[in-house]
Amino acid sequence: MKKLIIVLLSVLCFTATSYAAERFFEIKAKRFVYTPSIIKVNKGDLVRIRLISEDVTHGFFLDGYGLNTSTHPGQEGFLQFVADKPGRFTFRCSVTCGEFHPYMVGYFVVEKNLRLYLFVLLTVLLGVGSLLIILKNKPQQAHDNNPPQEPTMNTSNG
Amino acid sequence: MDNKDKLFGLIDLNWRFELTKFKQVGKLFKSRWFPLLPIIVNLFIFVIILLAGFIGGYSSGSYNFGIMIVWILWWVMLMFILVPGFSRSWCLMCPFPIFSDWFQRKRLFGVRQGKLEGLGLKWPKQLKNMWVMNIGFLVTTFFSGLFTVKPFATFVLLGGIILLAFLIGLIFEKRSFCLYVCPVSGFQGLYAQFATAEIRRMNPELCKNHKVKTCFVGNECGYGCPWMLTPFDFKKNTYCGMCLECFKTCPYDNMGFFLRPPGVDLLSDTPREPRRLDEAWKAFIMLGIAAVFFLTMQGPWGVLKDMVRQATFKGWLIFITLHSFFCLVGIPGIFFIFSCLSKLFSGNKEVSLRQIFINFAYTLVPIGLGVWIAFSVGIILPNGSYLIHVISDPFAWGWNLFGTAHFPWTPVFTGSLGYIQGFVLVIFYLFATALGFRLSKQTYLDLSQAKRGWIPILIFLTLVTILFLWLYLG
């Protein structure tokens, strides 16, 4: 457990000391798919996105950042921003483009994805913690191997 | 569970709070207008949904009333509030079987005495389980790329379910369709075991001394249980459709609607309502479908989207093959290995591997419900605003009934989606571990075996939770 905490602290330190860079992505939108559909940057990076449609009008809304742009064939969309929020954010088509439009999404990952690490750590800690409690507890009464007892329907306990 | 068994040391598993003790609630449950009235309201809504699918103007799914109400509002309400909160409360107000009820009873409101109309055949004994629903729901998901986006496909699905409910009602007795066929029924029943509400009889002595079981056979006030349960002694939510007939037929007002701690039914295993392999498989299938739905609908992978939306027939065949294998064989297979490990770790020789496998499969009920709630949050927050549009223009004919037809697409709190989903997954993981160890104690003969046997299952649940955390947040 100690080792795990040390590894996670190291990750945090690395995140704090990583240098910002300028990142450019050309994203093509066509038939409910973005290409590339997963883009990764580091926290603090200056991100520039050029959005190109290869069929009909498409949008690009970035969760968490609230940024929006659109494109249609012959006219590109642009976004420029600093990736200051870590985590995985979904970008979605914001212009109805056809039947599968609600599922036209991609992932924008700002490293380090502390949200994920945090919840994974929490899950592991809770699991290990619950197990330790169980293993420590000595039997206090006869082991219950029977079907559950029927609750008394005394309803005045509300 | 013993008398003082408390979940997380806080929640007394025997705690109940009766809602029907409030006069108005009790009176409502005794009235024949309830649940008929909500059923009629829902029937009206579903007629609009069917019309929107059939005659509505051309519209992509996100601007169609049927698609939005069924797959965004209804599905999310079902997984988010109705099932975890109030058990099979959707069955209470579901309009699908109204036509077969009407045919069998020859009336909607009053009570018909004597034999019901129709052939009234008994459902085949071999099929008195969840297998038809398991396969039916899985097969339905093969077409998820159509149903959830094409209005006409939703029309076909819902129309087909209503027609099937009617036809089965002509041939088989009472609510055989709801109990054994309806694709929505199975997972509601499974997850209703975790629900924080239940219908149960109150005083067992009263029922014991009541020789004519009116809740089962019916009387002038209501019908004998249409779900063919015995309301005087059932102990699980799984197959109670909450039709409330037992409230009406009980001359002693001995039926109650209770709030309770979550997951109590998972600890119930009686000869009459045992834990079963078909229910275990339902848990595996639901978990598998959640993962596949996320990958295909909320994931960024175009190749998967092309498969599920049937861009090519070959791709779709690959999808349904992999999907079926994953749900029917893959997840149960992995779980079987962990069940073997559990038996090995426990050192127990007496308990069968089958029993270990079945008992621990119920730990996937809280996990699965959490996974589906988290998935539903990912649907409603980005897409909920379409609902505001479609209520003003349900048929995509250019109406603006409530002045909201031009309401723009507005994602809500999507920046916090990951936190919400992570939080939900962890909370339900906690419930799974707390209830799971109790299942282990019920499975093995002594406490030390239960502790050792629990370790592999806990590892499995932890890995599943981490997998879904990775899917939703990673």
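Residues numbered from 1 in each chain as written. Chains lettered and ligands numbered in written order. Predicted model: local features only at pLDDT ≥ 70, side-chain atom pairs only at ≥ 80, totals over all residues. Heavy atoms only, no water.

Asks: I would appreciate a short explanation of the overall build of chain B in the present structure.
Replies: For chain B, the count of helices and strands is 21 helices and seven strands. A globule of 474 residues ought to have a C-alpha radius of gyration of about 23 Å, and chain B, at 23 Å, matches this closely. Its C-alpha atoms put chain B at 65 × 55 × 40 Å along the principal axes. By residue count, 62% of the 474 residues in chain B fall in the buried class. (Helix = DSSP H or I, 4+ residues; strand = E, 2+ residues; numbered from the N terminus. Rg over C-alpha atoms; globule rule 2.2 N^0.38 Å. Buried < 20%, exposed > 50% of the residue type's maximum accessible area, 1.4 Å probe, protein only.)

Asks: Would you explain the interface of chain A and chain B in this entry?
Replies: Interfaces are frequently sized by the accessible area removed from exposure as the parts join. Contacts between the two partners involve 53 residues from chain A and, on the opposite side, 72 residues from chain B. Taken together, the two surfaces of chain A and chain B that pack against each other cover about 5500 Å², and 62% of this comes from carbon and sulfur. Scanning the region where chain A abuts chain B turns up one salt bridge. One salt bridge connects B:Lys150 with A:Glu99, and the closest N-O pair in it is separated by 2.8 Å. The interface formed by chain A and chain B contains 15 residue pairs in polar contact (both at pLDDT 80 or more). Among the elements that take part in the side of chain A that touches chain B, helix H2 (residues 114–136) of chain A stands out by supplying 13 residues, more than any other. Considering only residue class, the side of chain A that touches chain B consists of 25 nonpolar, 20 polar and eight charged. (Contact = heavy atoms within 4.5 Å. Buried area = accessible area lost by both parts, 1.4 Å probe. Salt bridge = Lys/Arg side-chain N within 4 Å of Asp/Glu carboxyl O. Polar contact = N/O pair within 3.5 Å; in protein donor to acceptor, adjacent residues only side chain to side chain. Nonpolar A, V, L, I, M, F, W, Y, C, P; charged D, E, K, R; others polar.)

Asks: How should I be thinking about the pattern of salt bridges in this particular structure?
Replies: If the charged atoms of two oppositely charged side chains come close together, the side chains can form a pair. Residues and elements named next belong to chain A. Scanning the entire structure with this criterion turns up 22 salt bridges over all chains. For Glu-76, the salt bridge identified is with Arg-50, shortest N-O distance 3.9 Å. With Glu-76 in the loop between strand S6 (67–71) and strand S7 (77–82) and Arg-50 in strand S4 (residues 46–53), the pair connects residues that are 26 residues apart, well separated along the chain.

Asks: Just to check I follow, could you spell out the pairing of S6(A) for this structure?
Replies: Successive residues of a regular strand alternate their side chains across the two faces of the sheet. Here five bridges tie strand S5 (residues 58–62) of chain A to S6(A), and the two strands are oriented antiparallel to one another. Directly across from A:Leu62, in S6(A), lies its bridge partner A:Leu67. (Pairing = 2+ DSSP bridges.)

Asks: Just to check I follow, could you spell out empty space enclosed by the protein for this structure?
Replies: A probe as big as a water molecule, rolled over the atoms, marks out the empty space that is left. Residues and elements named next belong to chain B. Taken as a whole and assessed by the stated rule, the structure comprises nine cavities of 30 Å³ or more. Estimated volume of the largest cavity: approximately 380 Å³. Lining the largest cavity are 30 residues, and of these Val-70, Trp-71, Trp-75, Thr-148 and Phe-293 lie nearest its centre. Counting residues per element, the lining of the largest cavity draws most heavily on helix H3 (residues 65–86), at seven residues. (1 Å grid on protein atoms, 1.4 Å probe; cavity = no way out; pocket = protein on both sides within 12 Å on 5 of 7 lines; lining within 4 Å. Points joined across faces, edges and corners; volume = space filled by probe spheres on them.)

Asks: Help me out: how do you make sense of the side chain of B:Thr270 in this one?
Replies: Of note, B:Thr270 is situated in the loop between strand S7 (255–259) and helix H14 (277–298). Among the polar contacts listed, one links the side chain of B:Thr270 to the backbone nitrogen of B:Glu273, at a separation of 3.0 Å.

Asks: Just to check I follow, could you spell out the pairing of strand S9 (residues 105–111) of chain A for this structure?
Replies: Residues and elements named next belong to chain A. Within S9, seven of the seven residues are buried, which leaves the element mostly enclosed by the surrounding structure. Burial along S9 is two-sided: Val-105, Tyr-107, Val-109 and Glu-111 facing one way and Gly-106, Phe-108 and Val-110 facing the other are all buried. Across five bridges, strand S3 (residues 38–42) lies against S9 in parallel orientation. Looking at the pairing, Asn-42 lines up with Glu-111 of S9.

Asks: What is the right way to read the sheet that holds strand S3 (residues 17–18) of chain B from this model?
Replies: Paired through their backbone hydrogen bonds, the strands of a sheet run either parallel or antiparallel. Residue and element names in this part refer to chain B. With respect to topology, three strands assemble into an open sheet ordered S3-S7-S4, the strand pairing being antiparallel. Where the open sheet ends on each side, the last strands, each with one partner, are S3 and strand S4 (197–201). Pairing analysis gives five bridges linking S4 to S7, with the strands arranged antiparallel. Counterpart to Glu-198 in the pairing with S7 is Phe-258.

Asks: Help me out: how do you make sense of the packing of aromatic side chains in this one?
Replies: Ring pairs (aromatic) are described by centroid distance and by the angle formed between their planes. By the definition in use, this model includes 57 aromatic pairs over all chains. A centroid spacing of 5.5 Å and a plane angle of 40° characterise the contact between B:Phe194 and B:Phe428, whose relative ring orientation is tilted. Note that B:Phe194 is positioned in the loop between helix H10 (183–192) and S4 and B:Phe428 in helix H20 (residues 417–443), a separation of 234 residues in sequence. Taken together, B:Phe46, B:Trp74, B:Trp75, B:Trp90, B:Phe96, B:Phe137, B:Phe187, B:Phe293, B:Trp372 and B:Phe375 form an aromatic cluster joined through their ring pairs. The ring centre of A:Tyr107 lies 3.7 Å from the NZ or CZ of A:Arg88, which sits over that ring. Geometry around B:Tyr223 places B:Arg105 over its ring, the cationic atom sitting 3.9 Å from the centre. (Phe/Tyr/Trp six-rings, centres within 6.5 Å; stacked < 30°, edge-to-face > 60°. Lys NZ or Arg CZ within 6 Å of the ring centre and 35° of its normal.)

Asks: I'm lost on the confidence of the model for chain B in this one. Help?
Replies: Low pLDDT marks stretches whose predicted atomic positions should not be read closely. Of the residues in chain B, 99% have a pLDDT of 70 or more, and the chain-wide mean is 95. Interface predicted TM-score (ipTM) for the complex: 0.91; the corresponding pTM is 0.92. (pLDDT = per-residue confidence, 0-100.)

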